[in-house]
Amino acid sequence: MMKYKALIFVSVLFIFLTACSQNEEDTNTNVENLDDVVPELTVDFDIPEHVEKGETIDLTAHVTYGDSPVEDADEVLFEVWTQGNNDQSVELEGKHQENGTYTATFTFEEEEVYEMYAHTTAEAIHSMPFKTVIVGNATPSEEDKHNEMDHEHHQEGHESENHDDHE
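As a starting point, this report considers the structure included with it. Everything numeric here is computed off the predicted structure, so don't read it as measured data. (Residues numbered from 1 in each chain as written. Predicted model: local features only at pLDDT ≥ 70, side-chain atom pairs only at ≥ 80, totals over all residues. Heavy atoms only, no water.)

## Quick word on the pairing of strand β9 (residues 113–122)
Summarising burial for β9: 10 of the 10 residues are buried, a large majority. Residues Val 113, Glu 115, Tyr 117, His 119 and Thr 121 of β9 are buried on one face, and the alternating residues Tyr 114, Met 116, Ala 118, Thr 120 and Ala 122, pointing to the opposite face, are buried as well. As paired elements, strand β5 (residues 75–82) and β9 share eight bridges and run antiparallel to each other. The partner of Thr 82 across the bridge, within β9, is Tyr 114. Two strands pair when backbone bridges link them, and β9 and strand β11 (residues 130–135) are joined in this way by five bridges, in the antiparallel orientation. (Buried < 20%, exposed > 50% of the residue type's maximum accessible area, 1.4 Å probe, protein only. Helix = DSSP H or I, 4+ residues; strand = E, 2+ residues; numbered from the N terminus. Pairing = 2+ DSSP bridges.)

## Describing unusual backbone geometry
One non-glycine residue, Asn 99, lies in positive phi territory at about 50°. Its place among the elements puts Asn 99 in the loop between β7 (95–96) and β8 (101–107). For Glu 123, which is not a glycine, the phi torsion comes out positive at approximately 55°. Structurally, Glu 123 can be placed in the loop between β9 and β10 (125–127).

## Thoughts on the environment of Thr 64
In this fold, Thr 64 is placed in strand β3 (residues 56–65). A C-alpha to C-alpha distance of 6.6 Å links Thr 64 and Val 43, two positions 21 residues apart in sequence. Beyond its immediate chain neighbours, meaning those up to four positions away, Thr 64 contacts Glu 40, Leu 41, Thr 42, Pro 69 and Val 70. (Contact = heavy atoms within 4.5 Å.)

## Notes on the layout of surface pockets
The calculated volume of the largest pocket comes to roughly 190 Å³. Lining the largest pocket are Val 80, Trp 81, Thr 82, Asn 85, Gln 88, Val 90, Phe 106, Thr 107, Glu 109, Glu 110 and Tyr 114. Per-element accounting of the lining of the largest pocket gives the leading share, three residues, to β5. Looking at the lining of the largest pocket residue by residue, the class counts come to five nonpolar, four polar and two charged. (1 Å grid on protein atoms, 1.4 Å probe; cavity = no way out; pocket = protein on both sides within 12 Å on 5 of 7 lines; lining within 4 Å. Points joined across faces, edges and corners; volume = space filled by probe spheres on them. Nonpolar A, V, L, I, M, F, W, Y, C, P; charged D, E, K, R; others polar.)

## Side note on the packing of aromatic side chains
One pass over the full model with this rule turns up seven aromatic pairs. With 5.7 Å between their ring centres and 35° between their planes, Phe 45 and Phe 78 make a pair best called tilted. Note that Phe 45 is positioned in strand β1 (residues 41–46) and Phe 78 in strand β5, a separation of 33 residues in sequence. The same class applies to Phe 45 and to Phe 78, which are both buried. On the numbers, 5.7 Å between centres and 45° between planes, the contact of Trp 81 with Tyr 117 is tilted. With Trp 81 in strand β5 and Tyr 117 in strand β9, the pair connects residues that are 36 residues apart, well separated along the chain. Grouping residues by exposure puts Trp 81 and Tyr 117 together as buried. (Phe/Tyr/Trp six-rings, centres within 6.5 Å; stacked < 30°, edge-to-face > 60°.)

In short, geometric facts, not functional conclusions.
This is the structure we're talking about:
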């Protein structure tokens, strides 16, 4: 009788462990599949690293959500300033061209190091890639280098401080 109870106990334990193991595999598979399902907002901020003083270029952001170009971003705003002077930034609204490409024209008037963000909001996600452009023979300053974490931003919409008074 004791062997019979032990056999039943071991059988029940085996079935229980097998079921738990299967559920764990299902859970791991679902988590992996979730990563495949949730698209990512990608902003490829395309500008040269060096330009000449007085040169005018298009600041360009290629915006995709998953594999699809974003044709109707809520905002693409280029914020530009000379290194060490982020409190004197200029904001330029990106205009949609085609295939998720947004541009704004900017002239680099000073032989300085310029820093900039491409603030982009689409699909309720805010992305802000950062770039630096060296104009002429300007030398970047590590001391004045802009710390990306110094900039205040909110995920939903663009509710950060207003920079209109800097234009």
